[in-house]
Amino acid sequence: MTTDEELVARARGGDLDSFNQLVLRWERPIYALAYRVIGREEDARDVAQETFLRAFRGLGGFKGEAKFSSWLYRITLNLCRDWIRRERRTPVAQAPEGVDLIELASESTPAESIEDLVSRKELGRAVAKAMSSLPDEQRTAIILKEYQGLTFQEIADLLNCPLSTVKTRLYQGLNVLRRQLEQAGVESTFGAERPRAVVRSFRSVQGD
Amino acid sequence: MCDKELLVSYLYDELQGSERKVFQHHLASCRECQDEVQGLRATRAHLMSWAPPEPVLGLQVSDRDAGRRFRIPAAWGLAAAAALVLAAASAIANVEVRYADGGVTIRTGWAPEASPPGATVSAAASREDLAAVQQRIRELEAELAARGAAPLTTTPAALTDEPSRSANSLTDAELLRRVRQWISESEKRQEQLFATQFVQGMRELQAAHSMDHVRLEQAINQHQGAWSDEVYRQREELKQVFRLVNAQQR
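Numbering of residues begins from 1 in every chain and follows the order in which that chain's sequence is written. Written order determines the labels here, with chains lettered from A and ligands numbered from 1. In keeping with the model being predicted, local features are shown solely for residues with a pLDDT of at least 70 and side-chain atom pairs are shown and tallied solely at 80 or more, while totals for entire chains, interfaces and linings include all residues.

Asks: With reference to specific residues and values, describe the overall build of chain B.
Replies: To qualify as a helix, a DSSP run of H or I must reach at least 4 residues; to qualify as a strand, a run of E must reach at least 2; elements of each kind are numbered from the N terminus. Across its full length, chain B carries 7 helices and 2 strands. Ordered by position from the N terminus, the helices and strands of chain B form the series α-α-α-α-α-β-β-α-α. When the 250 residues of chain B are sorted by exposure, 12% land in the buried category. Working definition of burial: number of other C-beta atoms within 10 Å of the residue's own, with buried at 20 or more, exposed at 12 or fewer, and partly exposed in between, all C-beta atoms being placed from the backbone.

Structural data, given as structure tokens:
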């Protein structure tokens, strides 16, 4: 596969197709980043489109010191910051109202029952809600680490802050999320705990 | 004391070599860190269930986008742009546009009498502004000349509300900055002026258009009326003919 750097070099030479190959490669991660930061589908799409327009126009200024993707992330984060400032409100992730079982059925894999899928969707909503309560800095650090899979060093470069600051933000943010999810009734341990708990409460009801 | 930075690095598997060994050694004996690592691992697992929607994006950058952000140029370019747009409109709508004496005049051929007196957009206000600014520029030029600097090329575009103040204390850089600021302000105003004029022009076209609709409808109604009269008249004539024929047959 052609590397990002090769495509960037061709795009700098005026090859629009090469640039659009980069767009195709990166539109989903960029959209996902924008969506998680600002929490609105339509606006996230606009931010993604604007990111690529700016990247294309600014290609001459991209020296290749950072990875192309890091450069894109930086543009996206700046646009998101502008968006938040403009809207003057804390970003709130849109949780879809209700769960469409038919739509879900098409998403479920054979290994996962509908019940599991519904609870995964509900869990996703609880996570989105908890994330939206975090301070911007912590939320951004978690998004970049957890969902975009950047290294601590990449995040530090992107946010122009020391490595230790990135780690602190992550640590604090994760602990807030953990508490919030526990309060929302989400188990903080894996596996077999829940069925047992259900059985126990069922027995206690019978005993009454 | 527990090192939370190490804990986070361990959690994300970004600890190598000796650091990793040191932390693992600590973890083996620290109940608090064990709980924390376990709890945060669970939290991380939960985070994975927050999936963004997956719309069909199909984003693309086109040739048009590449040069999309053109700026409306100042003064003359703007007038030319206005003339071009309105000429295009007039080609379709039989509109007359005059650009003279700093005012834009728009007339439509559809319904001349429907044009309210306000429909002639005047740029007289901006002409006064222009005079004021030209005056200010002359002052600035005089000032610069007094310092032995080259005179400014006069841009007939700079507008300002700023009161004339003692400029003797201004440095060249400050002067340049202000001139630039005036010019950009004036560009903004011209953009607004252009937009206003264009909107007014379009409004008038629309008004004329709807007047036209009304007239057309009236004409059609009249025509329909006349047509049914004609039908009635012909029917009466036919009846008359029938009567005559019948009378002859008898």
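Read on for the rest.
Asks: Quick rundown of the overall build of chain A? Include the residues and the values.
Replies: The number of helices and strands found in chain A is 10 helices and 0 strands. Scanning chain A from its N terminus toward the C terminus, one meets helices and strands in the order α-α-α-α-α-α-α-α-α-α. The buried share of chain A, reckoned over its 208 residues, is 32%. For chain A, contacts bridging at least 24 residues in sequence account for 61% of all contacts bridging at least 6. Two residues qualify as a contact pair if the distance between their C-beta atoms, derived from the backbone, is within 7 Å.

Asks: Residues and numbers for the interface of chain B and chain A, please.
Replies: Residue-level contacts link 28 residues of chain B with 39 residues of chain A. Listed by contribution, the elements that provide at least two residues to the side of chain B that touches chain A are α1 (4-11), α3 (31-47) and α4 (63-66) of chain B. Amino acids outside the nonpolar list (Ala, Val, Leu, Ile, Met, Phe, Trp, Tyr, Cys, Pro) and the charged list (Asp, Glu, Lys, Arg) are all regarded as polar, and Gly is one of them. When grouped by side-chain class, the residues that make up the side of chain B that touches chain A number 15 nonpolar, 7 polar and 6 charged.

Asks: Lay out the packing of helix α4 (residues 68-87) of chain A against helix α8 (residues 152-159) of chain A in plain terms, naming residues and giving numbers.
Replies: Residue and element names in this part refer to chain A. To obtain an axis, a line is fitted to C-alpha atoms, over the contacting stretch when the element is a helix, and the angle between two such axes runs from 0 to 180 degrees between their N-to-C directions. In the contact formed by α4 and α8, the axes pass within 10 Å of each other and the chain directions differ by 45°. In terms of their interaxial angle, α4 and α8 are classed as oblique. Once α4 is placed against α8, the crossing between them reads as right-handed. Between α4 and α8, the contacting residues are Ser70, Tyr73 and Arg74 on the first element and Glu154, Asp157 and Leu158 on the second. Comment on the angle field: the value is read as roughly parallel under 35 degrees, roughly antiparallel over 145, roughly perpendicular from 65 to 115, and oblique elsewhere. Throughout, a crossing is termed right-handed when the near helix is turned clockwise from the far one, and left-handed when it is turned anticlockwise from it by less than a right angle.

Asks: Quick rundown of the packing of helix α9 (residues 163-183) of chain A against α1 of chain B? Include the residues and the values.
Replies: For the pair α9 of chain A and α1 of chain B, interaxial distance at closest approach is 9 Å and the crossing angle is 75°. Our classification of the angle between α9 of chain A and α1 of chain B gives roughly perpendicular. Where α9 of chain A abuts α1 of chain B, its residues Ser164, Lys167, Leu170 and Tyr171 of chain A lie against Lys4, Glu5, Val8 and Ser9 of chain B. For the contact of α9 of chain A with α1 of chain B, the class distribution of residues is 3 nonpolar, 2 polar and 3 charged.

Asks: An account of the confidence of the model for chain B is requested, with residue identities and associated values reported.
Replies: Low pLDDT marks regions whose predicted coordinates should not be analysed in detail. Residue and element names in this part refer to chain B. Confidence of the predictor at the level of single residues is captured by pLDDT, which takes values from 0 to 100. For chain B, mean pLDDT is 70; residues scoring 70 or higher make up 63% of the total. Counting interchain partners and residues more than four positions distant, the pLDDT-below-50 stretch residues 109-123 has 31 contacts. Per-residue pLDDT stays below 50 along residues 149-168; that stretch engages in 37 contacts with residues further than four places along the chain or on separate chains. Note on the complex model: pTM 0.52, ipTM 0.76.

Asks: Pulling in residues and values, what's your account of the confidence of the model for chain A?
Replies: Summary statistics for chain A give a mean pLDDT of 81 and a share of 76% for residues scoring 70 or more. Within the model, the stretch residues 191-208 of chain A combines pLDDT values under 50 with 2 contacts to residues more than four positions away or in other chains.

Asks: Mind laying out the nonpolar core, listing which residues take part and the relevant values?
Replies: All names here are of chain A. The nonpolar core is taken to be a set of buried Ala, Val, Leu, Ile, Met, Phe, Trp, Tyr and Cys residues joined by way of C-beta atoms within 7 Å. Ranked by internal contacts, the top residues of the largest apolar core, which has 55 residues, are Ala34, Leu72 and Val127. The element best represented in this core is helix α2 (residues 16-38), accounting for 11 residues. Excluding anything up to four places from it in sequence, Leu72 contacts Trp26, Ile30, Thr51 and Ala55.

Asks: Lay out helix α7 (residues 136-147) of chain A with the relevant residues and their values.
Replies: Residues and elements named next belong to chain A. With 12 residues, α7 extends 16 Å from end C-alpha to end C-alpha; this agrees with the ideal 16 Å at 1.5 Å per step. Most of α7 is tucked away, with 9 of its 12 residues classed as buried. Residues Gln138, Arg139, Thr140, Ala141, Ile142, Ile143, Leu144, Lys145 and Glu146 constitute the buried set of α7. Positive backbone phi, at 65°, marks Gly149, one or two positions downstream of α7. Given the number of residues in a helix, its expected span is that number minus one, multiplied by 1.5 Å.

Asks: Lay out unusual backbone geometry with the relevant residues and their values.
Replies: Positive phi, close to 55°, is recorded for Asn160 of chain A, a residue that is not glycine. Residue position: Asn160 of chain A is located in the loop between α8 and α9. If you check the backbone angles, Asp13 of chain B has positive phi at about 60° while not being a glycine. Residue placement: Asp13 of chain B occurs in the loop between α1 and α2 (17-29). Its 8 C-beta neighbours within 10 Å are what place Asp13 of chain B among the exposed residues.

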